[in-house]
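# Secondary and tertiary structure notes
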Amino acid sequence: MTTITETPPAPLSARLRVPGAFVLGAVLLLGAAPLALSDFRLSLLAKYLCYAIVAVGVSLAWGRGGLMVLGQGVFFGLGGYAMAMHLKLADAAATGETLPDFMQLYGTGDALPWWWKPFANPGFALAMTVLLPMAVAALLGFFVFQRRVKGAYFAILSQALAAALSVWLVGQQATTGGTNGLTDIQGFFGYSLDDPVNQRMVYFVIAAVLLLLMAAARQLFVSRYGELLVAVRDSEERVRFLGYNPANVKLVAYVVAAGMAGLAGALFVPAVGIISPALIGIVPSIGFVIGAAVGGRASLVGAVLGAIAVAWAQSTLSDAFPGAWTYLQGLLFVLAVGFLPGGLASLGIVLRRRRTRTPATGETA
Amino acid sequence: MSGEGLTVRDLRVTFDGFTAVDGVDLDIRPGDLRFLIGPNGAGKTTLVDAVTGLVKATGSVRFGEQDLLGKPVHKIARLGIGRTFQTATVFEELTVVQNLDIAAGAGRGVRTMLRRRKDVPEPVARALETIGLSRLRDRPAGVLAHGQKQWLEIGMLLVQDVRLLLLDEPVAGMSHDEREATGELLRRVSEDRTVVVIEHDMDFMRAYARSVSVLHAGKVLSEGSVAEVQADAKVQEVYLGRACEPEPALGPAPTPAPAAASVAEEA
Ligand SMILES: Nc1ncnc2c1ncn2[C@@H]1O[C@H](COP(=O)(O)OP(=O)(O)OP(=O)(O)O)[C@@H](O)[C@H]1O
Ligand SMILES: [Mg+2]
């Protein structure tokens, strides 16, 4: 029988660890990075931070909730298109046109499609960047979780949805810009995106949103809901016998993660100037979770740093070895999920356990 | 003594043509400490599965005024019916306190759920005392010894505040002392709740059962007090006829009771 003694209360240094790390992150993102980086590099970082925002949601849904969210591209895309539609309409209005440029080229030349019209309103468009993905996730999640669709099928279904959305977008060239997507975006709520100062402003907005969402996710992680979510991940059946409906618990995590992906897509548009089907299909959807997998999906900081690192590696390596990145990406994913499920964030623990492996405490999960 | 009783009528569970529970009737009074015994494969676990909504069944199961059959698992749990499993299932990555706190919380509102647990809630602290795990409360449940996990599971049912506990082999794999402690715990628990225990350990059954039902091949073979059941010839036949049974010795004086041939017996 193992004898276990009481654990002492955490020392002050441990209790200050999280707020300390948060302040450090804020200083790095909002202070050091803008000072140290050129305009070009800062705009690249802004793009990576958008992926990091998706990773915050992935960490919640997959890391804590065990949901294989392999279709985040759908939500990223919905948020991105909602934002881009508004910006295109605003660009057109600024030059006295009623139709966005691509519609004049490919379209029938008639009126704006009815479903474009409300996006002229900035408040509506902004709300939709988050609400649209959340609504789609709620609908899909409701059916999937109530019917107890198992993990692998959920992953496949998510992928299929990402593929379907990007295929549909490609087919609707007259109203969505087709393969090209919505490109050549000039302004962001009245500010010209050609101006480097405004580009920096966009970076600050993205960095601030990331920090806020990390704080919110952290609160979710340590809340009673966060504990319940882990319980559902580890033993859904047991949770049911305690009187909870696990479907609802999972649905919350899934919908919140979708909202975060939507917001990330919306912020991606002014940062990069484009949203297109190629950015939201099957491959990018896998890309969204790889960073989290490599960094450590159950660890918020691990997932965020992983997403930034993988995005950086992608843009660096895919220039040097075009084509090879897709394979490397797949390899990274398999390695992380198969051999280091806790990601790099767990490397310290894994190594320590190796070194002090005692057969007496053989119980590791 | 309080709470509702469990009434089972003509319960039947079939798996692809194989009938695991074959027309079971049970009446368990409020405050009973009922032992459910029977050879391996008798259908004991399946009976509990049916009552708790895990498998589909026909017949009727009533708990107090409530009809249980057809309700989803979590709704049955909310009516005050809790169970444990043959292999202890606790949330291994969560601490003992977190395990208990989750068990206590099925009725919590959104605001409470989104907030952090500041201290140990009163019912959780009481359950920690009762199951003797106060000292280990901040340990991950995964590192607990087997017996401690079983206690934690019982503690979870206590904070869940169920009126009916269905325990599937709670003392399997426990040492003698642990069994005794568990038995005393069950006695205390059954003072204001109804407890049903599936068990193979006959000594344990003799020491703590208030009433016993013997299941065999999906049917109730015998029912009554410990003495009555021990004296039942059919029960002895089932148990003594099987070499695989760990503890075949059921009682001292086998007094045959040939009159009760009404209960159908099938191999
Ligand atoms: N899901 C299932 N599918 C098919 N057959 C099953 C299923 N669950 C149980 N059975 C069968 O039903 C019968 C009763 O099983 P059950 O687990 O209820 O027995 P038990 O009395 O609990 O036995 P033990 O003492 O070994 O736990 C067994 O023959 C078993 O093989
Ligand atoms: Mg069993």
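Quantities reported herein were computed from a predicted structural model and do not represent experimental measurements. (Residues numbered from 1 in each chain as written. Chains lettered and ligands numbered in written order. Predicted model: local features only at pLDDT ≥ 70, side-chain atom pairs only at ≥ 80, totals over all residues. Heavy atoms only, no water.)

We now examine the overall build of chain B. Along its length, chain B carries 10 helices and 10 strands. A burial count over chain B gives 52% of its 267 residues as buried. Within chain B, contacts between residues separated by at least 24 positions form 67% of all contacts whose residues are at least 6 apart in sequence. Put simply, chain B shows about 11600 Å² of open surface, and 52% of that area lies on carbon and sulfur atoms. (Helix = DSSP H or I, 4+ residues; strand = E, 2+ residues; numbered from the N terminus. Buried < 20%, exposed > 50% of the residue type's maximum accessible area, 1.4 Å probe, protein only. Contact = heavy atoms within 4.5 Å. Areas by Shrake-Rupley, 256 points an atom, 1.4 Å probe, with all protein chains shown as cover.)

The next thing to look at is the coordination of the magnesium ion (ligand 2). At 1.9 to 2.4 Å from the magnesium ion (ligand 2) lie its protein donor atoms, namely T45 of chain B (OG1) and Q86 of chain B (OE1). Highlighted residues: T45 of chain B in helix α1 (residues 44–51) and Q86 of chain B in the loop between β6 (81–83) and α3 (96–103), separated in sequence by 41 residues. (Donors = N, O, S within 2.8 Å, 3.2 Å for Na, K, Ca; no water.)

Residue and element names in this part refer to chain A. There is a patch of nonpolar side chains on the surface, built from L317, F321, L328, L331, L335 and F339 and spanning about 600 Å² of accessible area. For the nonpolar patch, the leading source of residues is helix α15 (residues 324–339), giving four residues. Along the chain, the position of L328 falls in helix α15. (Patch = residues over 30% accessible without salt bridge, like charges linked within 9 Å, V, L, I, M, F, W, Y side chains within 5 Å. Salt bridge = Lys/Arg side-chain N within 4 Å of Asp/Glu carboxyl O.)

A few words now on the pattern of salt bridges. According to the stated counting rule, one finds 30 salt bridges over all chains in the structure shown. In this structure, R34 of chain B engages D32 of chain B in a salt bridge whose closest nitrogen and oxygen atoms are separated by 3.5 Å. Like R34 of chain B, the residue D32 of chain B is buried in the burial classification. Here the salt bridges share partners, and the residues they tie into one network are R224 and E227 of chain A together with D101, R108 and R117 of chain B.

Residue and element names in this part refer to chain B. Phi at D16 takes a positive value of approximately 40 degrees, unusual for a residue other than glycine. Mapped onto the fold, D16 is located in the loop between β1 (6–15) and β2 (18–28). Note on D16: relative accessible area 84%, which makes it exposed. One non-glycine residue, D161, lies in positive phi territory at about 60 degrees. Mapped onto the elements of the fold, D161 is located in the loop between α6 (146–159) and β7 (164–168).

Turning our attention to the pairing of strand β3 (residues 33–37) of chain B. All names here are of chain B. With five of its five residues buried, β3 lies for the most part within the structure. Neither face of β3 is left uncovered, since the one carrying L33, F35 and I37 and the one carrying R34 and L36 both have all their residues buried. Examined bridge by bridge, β3 and strand β9 (residues 211–216) share four bridges and lie parallel to one another. Directly across from F35, in β9, lies its bridge partner V212. (Pairing = 2+ DSSP bridges.)

This part covers the site of ligand 1. All names here are of chain B. Among the 14 residues in the neighbourhood of ligand 1, the closest are listed as N40, T45, T46, Q86 and H200. In the environment of ligand 1, an oxygen atom lies 2.6 Å from a nitrogen or oxygen atom belonging to the side chain of T45. Note that an oxygen atom of ligand 1 is positioned 2.7 Å from one of the side-chain N or O atoms of H200. Calculation on ligand 1 without its partners gives an accessible area of 640 Å², and the protein chains cover 63% of this total. Among the secondary structure elements, those contributing two or more residues to the shell around ligand 1 are β2 and α1. Considering each element in turn, the shell around ligand 1 owes the most residues, three residues, to α1. The class makeup of the residues in the shell around ligand 1 is five nonpolar, seven polar and two charged. (Near = heavy atom within 4 Å. Polar contact = N/O pair within 3.5 Å; in protein donor to acceptor, adjacent residues only side chain to side chain. Nonpolar A, V, L, I, M, F, W, Y, C, P; charged D, E, K, R; others polar.)

All right, on to the packing of helix α9 (residues 196–222) of chain A against helix α12 (residues 246–272) of chain A then. Residues and elements named next belong to chain A. Following both chains from N to C, one finds α9 and α12 inclined at 170 degrees, their axes separated by 10 Å at the closest point. By the angle between their directions, the pair α9 and α12 is classed as roughly antiparallel. In this structure, α9 uses Q199, V202, V205, I206, V209, L213, A217 and L220 to contact α12, whose residues at the interface are V256, M260, L263, L267, P270 and A271. (Axes fitted to C-alpha atoms, helices over the stretch in contact; angles between N-to-C directions. Parallel < 35°, antiparallel > 145°, perpendicular 65-115°, else oblique.)

This paragraph deals with helix α10 (residues 224–234) of chain A. Residues and elements named next belong to chain A. Extensive coverage of α10 is indicated by the burial of nine of its 11 residues. Among the residues of α10, those classed as buried are R224, Y225, G226, E227, L228, L229, V230, A231 and V232. Capping of α10 at its N-terminal end is provided by S223; its side-chain oxygen lies 3.2 Å from the backbone amide nitrogen of Y225.

Turning next to the interface of chain B and chain A. Taken together, the contacts link 41 residues of chain B with 31 residues of chain A. Of the roughly 3400 Å² buried between chain B and chain A on both sides combined, carbon and sulfur atoms contribute 58%. Contact with chain A buries surface across chain B, with F91, I102 and M113 of chain B losing the most and accounting together for 17% of the total. Our count for the contact surface shared by chain B and chain A stands at four salt bridges. When the shortest N-O distance is used, the salt bridge between R117 of chain B and E227 of chain A registers 3.5 Å. At the boundary of chain B and chain A, one finds 15 residue pairs in polar contact (both at pLDDT 80 or more). When residues of the side of chain B that touches chain A are traced back to their parent elements, those giving at least two are α2 (73–78), α3, α4 (110–114) and α6 of chain B. (Buried area = accessible area lost by both parts, 1.4 Å probe.)

Residues and elements named next belong to chain A. Position of S285 among the secondary structure elements: in helix α13 (residues 282–295). Within polar-contact distance, the side chain of S285 engages the backbone oxygen of G281 at 2.8 Å. Aside from chain neighbours lying at most four places away, what touches S285 is L70, G71, Q72, G73, V74, Q159, A162 and I280.

Residue and element names in this part refer to chain B. Taken in spatial order, the four strands make up an open sheet running β2-β1-β4-β5, and their pairing is antiparallel. The strands lining the two open edges of the sheet, one partner per strand, are β2 and β5 (66–67). Here two bridges tie strand β4 (residues 58–63) to β5, and the two strands are oriented antiparallel to one another. What sits directly across from F63, in β5, is Q66. Helix-sheet contacts for α1 involve β1, β2 and β4, and the interaxial angle to β1 is about 110 degrees.

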